[in-house]
Amino acid sequence: HHIPRLAVLGGFRGRYDLGYIMDPRHNFMNGPKYGPTPDLAWERKKCCTHIHHHAPGTKVPFMYVYKVNMGPVWVRRSFFMQSGMFHRSMSCVGDAGIGFDFEFSIRAWRAGMRTGLYYSQFTFDIAEAGSGTHGGIQSQIRNANEMHNNQELYKMYPEFHHGPGTAAAMRMTETLPQIE
């Protein structure tokens, strides 16, 4: 279904940055996350509120969000190319690209486009909680990248990140039909 000016569509998780609680561990404003409730107990503690709206003309759970997590994500090709693609300064080659998905979502809103989230029924499996970029030296690199990149978003989008961007996403969501 066509949603005007939709540039980024996430299929797993999205969020608003409401600005009530500053999370000093990651240097970002905490806010509600939306998406499926995870099966893993350690993830369940942090997440998530279900999507309470649907795309116009469908019954597909959908809402506008300020930022979406990568994987899965769909990007309007014309906007992707015109906007300069993903921001290369979000990580060093070979490191976890923590924050590039948030930066691209914010850039879409700033350009007058929109970022949305829908329930794609995507699931993921991991070997265990301390594996991949959540374990060992990779965890330290990931955390350092996350802290740095969250700080960079305020420098890259002054006067927009996080207040006006989140407010725009919330206003647009309120125009959508609610799931009954």
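Residues numbered from 1 in each chain as written. Predicted model: local features only at pLDDT ≥ 70, side-chain atom pairs only at ≥ 80, totals over all residues. Heavy atoms only, no water.

Novice: For the overall build of the chain, give the residues involved together with the corresponding values.
Specialist: Broken down by element type, the chain carries five helices and nine strands. Starting at the N terminus and walking to the C terminus, you meet the elements of the chain as β-β-β-β-β-α-β-β-β-α-α-β-α-α. The burial tally for the chain puts 44% of its 180 residues in the buried class. Sequence separation of 24 or more characterises 74% of the internal contacts of the chain that already satisfy a separation of 6 or more. For the chain, the computed accessible surface area is about 9900 Å², with 56% contributed by carbon and sulfur atoms. (Helix = DSSP H or I, 4+ residues; strand = E, 2+ residues; numbered from the N terminus. Buried < 20%, exposed > 50% of the residue type's maximum accessible area, 1.4 Å probe, protein only. Contact = heavy atoms within 4.5 Å. Areas by Shrake-Rupley, 256 points an atom, 1.4 Å probe, with all protein chains shown as cover.)

Novice: So, the environment of Phe-79: which residues are in play, and what are the values?
Specialist: Residue position: Phe-79 is located in helix α2 (residues 77–82). Taking the relative accessible area as the measure of exposure, Phe-79 reaches 4% and is therefore buried. Put simply, Phe-79 and Ala-108 are 29 residues apart on the chain and 8.1 Å apart in space, counted from C-alpha to C-alpha. What Phe-79 contacts, discounting residues up to four positions off in sequence, is Ala-7, Phe-104, Arg-107, Ala-108, Ala-111 and Met-113.

Novice: Run through the sheet that holds strand β8 (residues 73–75), naming residues and quoting values.
Specialist: Across the sheet, four strands lie side by side as β6-β9-β1-β8; this open sheet has mixed pairing. If you trace the sheet from one side to the other, it starts and ends with β6 (62–64) and β8, each paired once. Adjacent strand axes in the sheet meet at a mean angle of 25° when their direction is disregarded. (Pairing = 2+ DSSP bridges. Axes fitted to C-alpha atoms, helices over the stretch in contact; angles between N-to-C directions.)

Novice: Tell me what's going on with helix α3 (residues 100–110), and back it up with residues and numbers.
Specialist: Within α3, ten of the eleven residues are buried, which leaves the element mostly enclosed by the surrounding structure. Regarding α3, the residues found buried are Phe-100, Asp-101, Phe-102, Glu-103, Phe-104, Ser-105, Ile-106, Arg-107, Ala-108 and Trp-109. Two residues or fewer after α3 comes Gly-112, characterised by a positive phi angle close to 85°.

Novice: Mind laying out the side chain of Ser-105, listing which residues take part and the relevant values?
Specialist: With respect to the helices, strands and loops of the structure, Ser-105 is situated in helix α3. On the basis of relative accessibility, which here comes to 0%, the residue Ser-105 falls in the buried class.

Novice: Lay out the sheet that holds strand β7 (residues 67–68) with the relevant residues and their values.
Specialist: The strands making up a sheet associate through hydrogen bonds between their backbones, and the pairing can be parallel or antiparallel. Taken together, three strands build an open sheet; the order of strands is β5-β2-β7 and the sheet is antiparallel. In the strand order of this sheet, the two ends are held by β5 (33–34) and β7, each with one partner. Bridge analysis of strand β2 (residues 14–15) against β5 gives two bridges, and the strand direction is antiparallel. Looking at the pairing, Arg-15 lines up with Lys-33 of β5.

Novice: Hey, could you go over the nonpolar core for me, with residue numbers and the actual values?
Specialist: By size, the foremost hydrophobic cluster in this structure holds 30 residues, and its most contacted members are Phe-62, Met-63, Tyr-66 and Trp-109. Sorting the residues of this core by element identifies β1 (6–10), β6, α2, α3 and α5 (163–174) as the ones contributing at least two each. Take this core: its biggest share by element is five residues, from α3. (Core = buried A, V, L, I, M, F, W, Y, C linked by side-chain atoms within 4.5 Å.)

Novice: Talk me through the pairing of β1; I want residue IDs and the actual numbers.
Specialist: Within β1, five of the five residues are buried, which leaves the element mostly enclosed by the surrounding structure. Pairing between β1 and strand β9 (residues 114–118): four bridges, direction parallel. What sits directly across from Val-8, in β9, is Thr-115. Relative to β8, β1 runs antiparallel, the two being bridged by three bridges. Bridge pairing in β8 links Val-8 to Val-75.

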